Amino acid sequence: MVKRGLFVGRFQPPHLGHIEVIKWCFRHVDELVIVIGSAQESHTLKNPFTAGERIEMLRLALRDAGIRADKVYLIPVPDIAMNFVWPRYVELFAPRFQIVFTRNPLVARLFSEYGYKIVEPPSFSREEYSATHVRELMLAGNDRWRQLVPRSVEKYIDNIKGVERLQQIAMKD
Ligand code: NAD
């Protein structure tokens, strides 16, 4: 049987830390289901990018990292108000998986209550490689965010004028 893992994130945007985690997960499983969480969210300070944009960015980043597309499932899942049943909701959208890779305590807690094996990946320069930090730099007009994301993600964000979007959302009327 194919050994398949689950990795959930918001990927707002995907950064080099996410990619390191994904590469690390592949040491443990043959295939990985990557859930793009909060799929209903976009155009907010915490969630500036649409689920579709996040899928495109992840695909580019995975290709850059040499990860085979046929080993990965990218599944967008909107949030629901009921934490307890959320793992069942994820199961509805995702191919079957046996292991949940997460450093998010709530995600670990919820899936463990359904009997899933939880594996915590190591931290990859978490202070630097953090989507919150990337968005803060973008908002401040600091180009250092470019060093924290894969090159193809940087180009994609430039293409869709992602930094302008974030800065405009932050403005007051
Ligand atoms: P995220 O993109 O911030 O992080 C994804 C994962 O990558 C996390 O496990 C995080 O710890 C890890 N990570 C990030 N940078 C790292 C680094 N440098 N080194 C090592 N690990 C790193 O996403 P998130 O906010 O954790 O995503 C959780 C998703 O699950 C959200 O969309 C949330 O809404 C969803 N969720 C939904 C419900 C519900 O609908 N009821 C309940 C729980 C969670």
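Read on for a plain summary of the structure. Source: prediction; values computed, not measured.

### Quick notes on the packing of aromatic side chains
Item 1. Counted under the stated rule, the structure contains 8 aromatic pairs.
Item 2. Each ring, one from tryptophan 24 and one from phenylalanine 101, has its centre 6.2 Å from the other, and the planes form 85°; the classification is edge-to-face. You can see tryptophan 24 sitting in helix 1 (residues 16-25) and its partner phenylalanine 101 sitting in strand 4 (residues 99-101), a full 77 residues away along the chain.
Item 3. Pairing tryptophan 86 with phenylalanine 111 gives two aromatic rings, centres 5.4 Å apart and planes at 65°, and the pair type is edge-to-face. One end of the pair, tryptophan 86, is in helix 3 (residues 86-93); the other, phenylalanine 111, is in helix 4 (residues 105-112), with 25 residues separating them in the sequence.

### Focus on the sheet that holds strand 2 (residues 31-36)
Item 1. Taken in spatial order, the 5 strands of this open sheet run 3-2-1-4-5, and their pairing is parallel. Pairing within the sheet leaves two strands with one partner each, and these edge strands are strand 3 (72-76) and strand 5 (117-119). Strand-to-strand twist across the sheet, computed as the mean angle between neighbouring axes with direction ignored, equals 25°.
Item 2. As paired elements, strand 1 (residues 4-9) and strand 4 share 3 bridges and run parallel to each other. Counted as the bridge partner of glycine 5 is isoleucine 99 from strand 4.
Item 3. Contacts from helix 2 (residues 51-64) reach strand 2 and strand 3 within the one sheet, and its direction differs from that of strand 3 by about 165°.

About the criteria used
- Residues numbered from 1 in each chain as written.
- Predicted model: local features only at pLDDT ≥ 70, side-chain atom pairs only at ≥ 80, totals over all residues.
- Heavy atoms only, no water.
- Phe/Tyr/Trp six-rings, centres within 6.5 Å; stacked < 30°, edge-to-face > 60°.
- Helix = DSSP H or I, 4+ residues; strand = E, 2+ residues; numbered from the N terminus.
- Pairing = 2+ DSSP bridges.
- Axes fitted to C-alpha atoms, helices over the stretch in contact; angles between N-to-C directions.
- Contact = heavy atoms within 4.5 Å.

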